[in-house]
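As a plain string of letters, each chain reads:
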Amino acid sequence: MVIQSGRWGGGGGGGGNAATTRFDEKGNYHNLRNDRKGSPVNQERDSGLAQRFLENLPPYKPEYWDKVDYLDVNGNVEDTNFHCFPAGVPRMGPPTKIMATPSEIVLLYNQKNTWRLVPMNRPHDPINSRDQSYMGDSVGKWEGDTLVVDVTGFNEETWLEWPGYFHTNKMHVIERLRREGNTLHYQVTVEDPDVLTQPWVMDERVMRLNTAPMVQIEDPPCVESDGANLYTKERG
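Peer 1: So what's going on with the overall build of the chain? Which residues, and what values?
Peer 2: In terms of helices and strands, the chain carries 4 helices and 13 strands. Classification of the 236 residues of the chain by burial places 39% in the buried group. Accessible surface computed for the chain: about 12900 Å², of which carbon and sulfur atoms make up 51%.

Peer 1: I'd love a proper account of the pairing of strand β11 (residues 183-191), names of residues and values included.
Peer 2: Side-chain positions along a regular strand alternate between the two faces of the sheet. Relative to β11, strand β10 (residues 172-180) runs antiparallel, the two sharing 9 bridges. Bridging from a neighbouring strand, E175 pairs with V188 of β11. Here β10 folds back onto β11, and the loop between the two strands holds 2 residues, one of which, G181, carries a positive phi near 65 degrees.

Peer 1: I'd like to hear about the sheet that holds strand β3 (residues 97-100), residue by residue, with values.
Peer 2: One open sheet accounts for 3 strands, arranged β3-β4-β5; its pairing is antiparallel. Here the strands that pair on one side only, and so sit at the sheet edges, are β3 and β5 (114-119). The average undirected angle you get between the axes of adjacent strands in this sheet is 15 degrees. In this sheet, β5 lies alongside strand β4 (residues 104-109) in antiparallel orientation, the contact comprising 6 bridges. Residue pairing in the sheet places L108 in a bridge with W115 of β5.

Peer 1: Describe the nonpolar core, naming the residues involved and giving the relevant values.
Peer 2: The tendency in soluble globular proteins is for nonpolar side chains to be buried side by side. Formed by 35 residues in total, the largest nonpolar core has its most connected members in Y60, I105, L147, L160, F166, V173 and V190. Those elements that place two or more of their residues in this core are α3 (65-73), β4, β7 (146-152), β8 (159-161), β9 (165-166), β10 and β11. Per element, the largest residue contribution to this core is 4 residues, and it comes from β11.

Peer 1: Describe the environment of S133, naming the residues involved and giving the relevant values.
Peer 2: Relative to the elements of secondary structure, S133 occurs in the loop between β5 and β6 (137-143). S133 sits 24 residues away from E157 along the chain, and the two C-alpha atoms are 8.8 Å apart. Residues contacting S133, with those up to four places away along its chain left out, are G153, F154 and N155.

Peer 1: Describe in detail the environment of V139, supporting the description with residues and values.
Peer 2: Within the fold, V139 resides in strand β6. Sequence separation between V139 and L117 is 22 residues; the distance between their C-alpha atoms is 8.5 Å.

Peer 1: I'd like a description of the layout of surface pockets, backed by residues and values.
Peer 2: As a volume, the second largest pocket reaches approximately 180 Å³. Taken together, W115, R116, L117, P119, R122, N128, M135, G136, D137 and S138 form the lining of the second largest pocket. Looking at the lining of the second largest pocket, the elements with two or more residues in it are β5 and β6. Of all the elements, β5 adds the most residues to the lining of the second largest pocket, at 4 residues. Looking at the lining of the second largest pocket residue by residue, the class counts come to 4 nonpolar, 3 polar and 3 charged.

Peer 1: Account for α3, with residues named and values stated.
Peer 2: Buried within α3 are the following residues: V68, L71 and D72. The buried residues of α3 all sit within an arc of 100 degrees when viewed along its axis, so they share a single face.

Peer 1: An account of the pattern of salt bridges is needed here, citing residue identities and associated values.
Peer 2: Taken as a whole, this structure holds 5 salt bridges when the rule is applied. For E175, the salt bridge identified is with R116, shortest N-O distance 2.7 Å. With E175 in strand β10 and R116 in strand β5, this pair connects stretches of sequence that are 59 residues apart. In this structure E175 comes out as buried when scored by relative accessible area, which is 2%. As a salt-bridge pair, K170 and D194 come within 3.5 Å of each other at their nearest N and O atoms. Here the residue K170 occupies a position in the loop between β9 and β10, and D194 occupies one in the loop between β11 and β12 (200-201), the gap between them amounting to 24 residues. Under the relative-accessibility criterion, K170 is labelled partly exposed at 48%.

Parameters at a glance
Residues numbered from 1 in each chain as written. Predicted model: local features only at pLDDT ≥ 70, side-chain atom pairs only at ≥ 80, totals over all residues. Heavy atoms only, no water. Helix = DSSP H or I, 4+ residues; strand = E, 2+ residues; numbered from the N terminus. Buried < 20%, exposed > 50% of the residue type's maximum accessible area, 1.4 Å probe, protein only. Areas by Shrake-Rupley, 256 points an atom, 1.4 Å probe, with all protein chains shown as cover. Pairing = 2+ DSSP bridges. Axes fitted to C-alpha atoms, helices over the stretch in contact; angles between N-to-C directions. Core = buried A, V, L, I, M, F, W, Y, C linked by side-chain atoms within 4.5 Å. Contact = heavy atoms within 4.5 Å. 1 Å grid on protein atoms, 1.4 Å probe; cavity = no way out; pocket = protein on both sides within 12 Å on 5 of 7 lines; lining within 4 Å. Points joined across faces, edges and corners; volume = space filled by probe spheres on them. Nonpolar A, V, L, I, M, F, W, Y, C, P; charged D, E, K, R; others polar. Arc of directions from axis to C-beta. Salt bridge = Lys/Arg side-chain N within 4 Å of Asp/Glu carboxyl O.

Written out as structure tokens, the structure reads:
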């Protein structure tokens, strides 16, 4: 997945010398791939294995693990993202492109033409934050050199991660984006007291800056062309 940063202008909140150290250079970020021997042939299966055997699992209350198992086994039907619905926050991960003004930040994603508007330095909208949408209602602020995005107002149609890590409409997400040299750090904390025993700090995502002047990013439409051809429930 390619991550492309835009120009992060100054102004609007934060402390210290944050305005001079924010993401003010154009560039492209890449996830470091961990496929077996770097082979894209094994990418999906390796991803499935890795996500099932991570040590850092969501701390679900004991009575909800059966639901997680059911969603995992029946993901070809239950996973809405598999059927062209938005992946939602935080599952869709870091943005592909970031554009900023002093009063708002726009996060663009290279998946299904998804975008998010993040107003800066104001409370949650009293209506939008109750709307229960796929992306939730986001507001941002600067904490030093870190952009902190507070998100609430979700529906229950998305997952935290694959496989089967569901949430409720009480979910509250904190995203943190920070640039350090030529790397972009993306951290997420999930709170959902109805189903989690404590907040879940997801594994950090780290992207490497690609300074190539010409990078083409294609975002083809999501077309449900494979569902009728599934003979097993295995997806990874």
